[in-house]
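Listed below, chain by chain, are the residues.
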Amino acid sequence: MEVNPLSVILVKSDSKGDRLLFRYPFHIQENKQKSSKARKNPYTLPSADETLQTPTICSSNINKGVLTGFSDEVLSSLFAVKTDLCNKKFELKVNDVRFVSHPTLLQLKNKQTDKDDSGIMLINIVFALSALASHSVVGCYHDLSQRLGIILSHEEERCGYISEQTQTMMAAHDDCTTNNGSAFQVILGKCTLAENVKRLYENLCNSGLVNVTINRWISFSFCLPQKAHQWHLRGQIVEPDDIDRCIQALRPYHSLLLLHPVEHLIDFTCLDCSPSLIKMLTQYSPMKNLQTLAADSDLTLSHVFELTAHLVYWAKATVIFPVCATNRYVISPSAPLHHNSPLIDKFSKVFPGLNLIRTIHEFSIPTSLLSKFNPLCKPNLQSSLVQNIIWMLQHHLLLQLHTYIEYMPTESGAPNKANRKCEPSRTESESGASTVSEAFDFIKHLNLESVSFASTDDDKQDYQEELLLDFPDEERTQIFKIPATNTPEDLKLFARLCRKGYFEGNHHVEEIMYLENLRRSQLTQLLDKFRDVLITYDSEDPAIAMFSCPM
C-alpha cells in the first residue's frame, strides 16, 4: 500500500484570479506516451485489422513515484475551488491519482492600516496520492492539510504572512522567462513557505514524522503512523485503528518499552512541551508496569495511559509486559536472523564480545529468564542478560508467550459451556426453595469462609454439590473424580474462576492474577490440581501482538 505523497501542491485564488504558486517535487520529466506502432503512410486511413489490433494505452499520472502529466494551469483550475467547497474535505480522483486537501479561506490583512480590509483569499495545500491509498491514509493527509490551513490562517491574521509569500511567488512567476522548474527553484530560494512545503514532503517520504517551523514562529509536528512505524516493524503497515485497539487494551500490568534511548528523546520531549512526559521518562524502566511507573512519576494512571498512547502513536515506544524472571520468551517467526542481517553487527557494537545468533539461540524453545539465572553468577552477568532481552524486544526478535487455560471436562470439551451460566442442571430445590433463581441467590450470599466442613462423605458431597450447583451433571461427575475437590478452598477457587469465564481460553495467567488479585503460586497450584479438566497452552497476548510479531 502506498503511503508516500506523489506531490504537494500550493494553489491560491483571490480577486486577481487563481494561480498555482508552488509544487514539490518539480523536476519531473513528463511522461510522453507514444503509440506502439505507427502507420507507414500518415495520409492513409487505418485498416480494419489495425483498428481492432491497436492496444489501448493505459493512462497513468505516476512516474517513478511522483506526479506527472498535469500542467500548472490544469492543477490551478482543479484546486481553485468555489467558496461552497471551502473549509471541508476535498477529494478528487483522476486516473490513478487521488488528490486530497482542505481548502481554507483567509481574511487578508492590510499591513498599512493593520485591518482586515484587503479581501479574501483561498489557499489550498493539496496532497497527490496513489489511488490505491487506503481510507485511513487519505484521512491522515486531509487532517494534515486542515491543520496547515489553520496555521496559515493564524499567521495571515497575525502578520500578513500569506499575503507576503504569495506576492513573492507571483513576482517570481511573472519575472521568470524560462521553464516552470526554474521559476519554482527561484521561489524555493526566496520563500520560507516553499521551504516548508519541501521539508514537509521530505519528512513524509523519509520517516512519516513531520517537524517544521512555519514562518520561523510556529513549530508544527505531525505523525503519519502508516509510515512512521515501518522502520521498526520492517515495512508493516500500522493503521491508526490498530493503535487505538492496542491502547484500549492497555492494562496496569503492561509496561512501556522505548525504541530509543531516553537521552535521544530530548528533542521529542522539547517538541511535546509536556512536563509530565519528562517526569515519566525520568522514572522509566521496562521492568516496571504502568501502575508502578505512575506511582513513581507521581502521575495518575489514566495520564500515564495517555502518555503511553502518545509515545506509541509516534513510533517512539511499544507495549510489552514488564521484563521479569517469570517471563518466557521465544524467537519471533519473523525475526531477520540470516547471516547477512545488519542486526548482527548492530548487536555486537552494543554488546562487545557477544554474538546475536549465539545469544538468541537459547530461546529457540520457550524459555524463562529464571532458567537462565545461575545463582553462582555475578549480578552484573544477570543484568547483562536482561539488557540483551530488552535489546532483542526493541528489535522484535523475541515475543513473549503467556499461558492460556481451557476448561475441558470431557473429550469434546464443555458440552454446555455457552449455557452454563443461564441453564443450571437442577430444577427445583427439595429444601423449600421454589425456584432455581432463589437457590442461586442463596449460594451467592452464602459466606463459604465461615462454613465448617465435616469429615463424613455425606457432608463433603453436600458442599461439593453446592459449589458446583450450576454445572451440568456430566461435568460434575468428571470434576468429582479429582482429589482436590475434597479441599473446600481449592474447589471454591476453581468454581469461581470457571464461572467468570477465565477458563475459556481468552485470559492468560498474568491477566487472571491481576483481575482476581491472586499470587502466581496460587494459580499454578490450582492448575496442577485440576489438570484433568484444565488444558493449558502458550500463545502471545493478542492485545500487543501487533508490536511484538510483525507480519
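The structure reproduced in this document is the subject of the present report. (Residues numbered from 1 in each chain as written. Predicted model: local features only at pLDDT ≥ 70, side-chain atom pairs only at ≥ 80, totals over all residues. Heavy atoms only, no water.)

## Looking at the overall build of the protein
Quick note on the threshold: By the criteria applied, helices consist of DSSP H or I runs no shorter than four residues and strands consist of E runs no shorter than two, each listed in order from the N terminus. Under the scheme applied here, a residue whose accessible area is under 20% of the maximum for its type counts as buried, over 50% as exposed, and between as partly exposed, the area being computed with a 1.4 Å probe on protein chains only. Computed by Shrake-Rupley with a 1.4 Å probe, the accessible areas treat only the displayed protein chains as cover when residues are assessed.
Along the protein, the regular secondary structure elements total 23 helices and 17 strands. Burial statistics for the protein: of 551 residues in total, 47% are counted as buried. Just so you have it, the protein exposes about 28900 Å², and 51% of that area is on carbon and sulfur atoms.

## Structural notes on the pattern of salt bridges
Spelled out, the test is: By definition here, a salt bridge exists when the distance from a side-chain nitrogen of Lys or Arg to a carboxyl oxygen of Asp or Glu is within 4 Å.
The tally for this structure, following the rule as stated, stands at 18 salt bridges. A salt bridge links R23 to D72, with the nearest nitrogen and oxygen atoms 3.0 Å apart. Here D72 lies in helix α2 (residues 72–79) and R23 lies in strand β2 (residues 17–24), a separation of 49 residues in the sequence. Of the charged contacts in the structure, one is a salt bridge between D490 and K529, with a shortest N-O distance of 2.8 Å. Residue D490 is located in helix α20 (residues 488–499), and its partner K529 is located in helix α22 (residues 520–529); the two are separated by 39 residues in the primary sequence. Of the residues examined, K529 reaches a relative accessible area of 35% and is grouped as partly exposed. One salt-bridge network, held together by shared partners, links K89, E91 and R98.

## Observations regarding helix α21 (residues 509–516)
Selection criterion: By definition, residues are in contact when any of their heavy atoms lie within 4.5 Å.
Counting buried residues along α21, six of its eight residues qualify, which places the element largely inside the surrounding structure. Within the sequence span of α21, burial applies to V509, E510, E511, I512, M513 and E516. Packing partners of the buried residues in α21 comprise β15 (398–407), α20, β16 (504–508) and α22. Of the residues one or two after α21, N517 is the one with positive phi, at around 55°.

## Points about unusual backbone geometry
The omega torsion across Y24 and P25 is 0°, close enough to zero to call that bond cis. By the element assignment, P25 lies in the loop between β2 and α1 (48–53). Look at K64: it is not a glycine, yet its phi comes out positive at around 55°. Relative to the helices and strands, K64 resides in the loop between β3 (62–63) and β4 (66–67). A positive phi is found at N215, a non-glycine position, where the angle reads about 60°.

## Concerning the packing of aromatic side chains
The following threshold applies: Aromatic contacts are taken between Phe, Tyr and Trp rings whose centres are within 6.5 Å, Trp giving its six-membered ring; a plane angle under 30 degrees counts as stacked, one over 60 as edge-to-face, and the others as tilted. Whether a charge lies above a ring is judged from NZ of Lys or CZ of Arg, which has to be within 6 Å of the ring centre and within 35 degrees of the ring normal.
For the structure on display, the rule yields 18 aromatic pairs. Ring centres of F127 and Y141 lie 5.3 Å apart, and the angle between their planes is 50°; this geometry places the pair in the tilted category. Of this pair, F127 sits in strand β8 (residues 120–130) while Y141 sits in helix α3 (residues 135–159); the two residues are 14 residues apart in sequence, bridging distant segments of the chain. A single burial state applies to F127 and to Y141, both of which are buried. One aromatic cluster in this structure is built from F22, Y24, F26, F184 and Y201. Across from the ring centre of F363, 6.0 Å away, lies the NZ or CZ of K372, which sits over that ring.

## Some words on the packing of helix α11 (residues 290–297) against helix α12 (residues 301–313)
Operational definition: For helices, the fitted line uses only the C-alpha atoms of the stretch in contact; every axis is such a line through C-alpha atoms, and the angle between N-to-C directions lies from 0 to 180 degrees. Note that the term roughly parallel is reserved for angles under 35 degrees, roughly antiparallel for angles over 145, roughly perpendicular for angles of 65 to 115, and oblique for everything else. Classification convention: Asp, Glu, Lys, Arg as charged; Ala, Val, Leu, Ile, Met, Phe, Trp, Tyr, Cys, Pro as nonpolar; all other residues, Gly among them, as polar.
The geometry of α11 relative to α12 is characterised by a closest axis approach of 9 Å and an angle of 110° between their N-to-C directions. The angle between α11 and α12 places the two elements in the roughly perpendicular class. Contacts between α11 and α12 involve L290, Q291, L293 and A294 from the former and L301, V304, F305 and T308 from the latter. Counted by class, the contact of α11 with α12 contains six nonpolar, two polar and no charged residues.

## Some thoughts on the packing of α20 against α22
As a packed pair, α20 and α22 sit with axes 11 Å apart at the nearest point and diverge in direction by 95°. With respect to each other, α20 and α22 are oriented roughly perpendicular. Touching D490, L493, F494 and L497 of α20 are L523, L526 and K529, all from α22. Taken together, the residues of the contact of α20 with α22 sort by class into five nonpolar, no polar and two charged.

## As for the environment of L6
As for its position among the elements, L6 is in the segment before β1 (7–14). Taking relative accessible area as the criterion, L6 reaches 6% and is therefore assigned buried. The sequence separation of L6 and V97 amounts to 91 residues, and the corresponding C-alpha distance is 8.6 Å. Ignoring anything within four residues of it in the chain, the contact list for L6 reads P25, I62, G65, V66, L67, V97, A128, L129, S130 and Y201.

## Quick notes on the environment of A228
In this fold, A228 is placed in helix α7 (residues 225–228). Sequence separation of A228 and V210 is 18 residues, and the distance between their C-alpha atoms is 9.9 Å.

## Considering the pairing of strand β13 (residues 328–331)
Selection criterion: Following DSSP output, two strands are said to pair if at least two bridges run between them.
Bridge count for β13 against strand β14 (residues 367–368) is two bridges, and the pairing is antiparallel. In the sheet register, Y329 faces β14, and the bridge partner there is T367. Across four bridges, β13 lies against β15 in antiparallel orientation. In the strand pairing of β15, R328 is matched with L401.

## Examining the environment of I125
Here I125 lies in strand β8. With relative accessibility at 8%, the residue I125 sits in the buried group. Each C-alpha atom of the pair I125 and R23 lies 9.5 Å from the other, and the pair is 102 residues apart in sequence. If we ignore the near neighbours within four places in the chain, the residues touching I125 are V8, I9, L10, V100, S101, H102, S145, L148 and L152.

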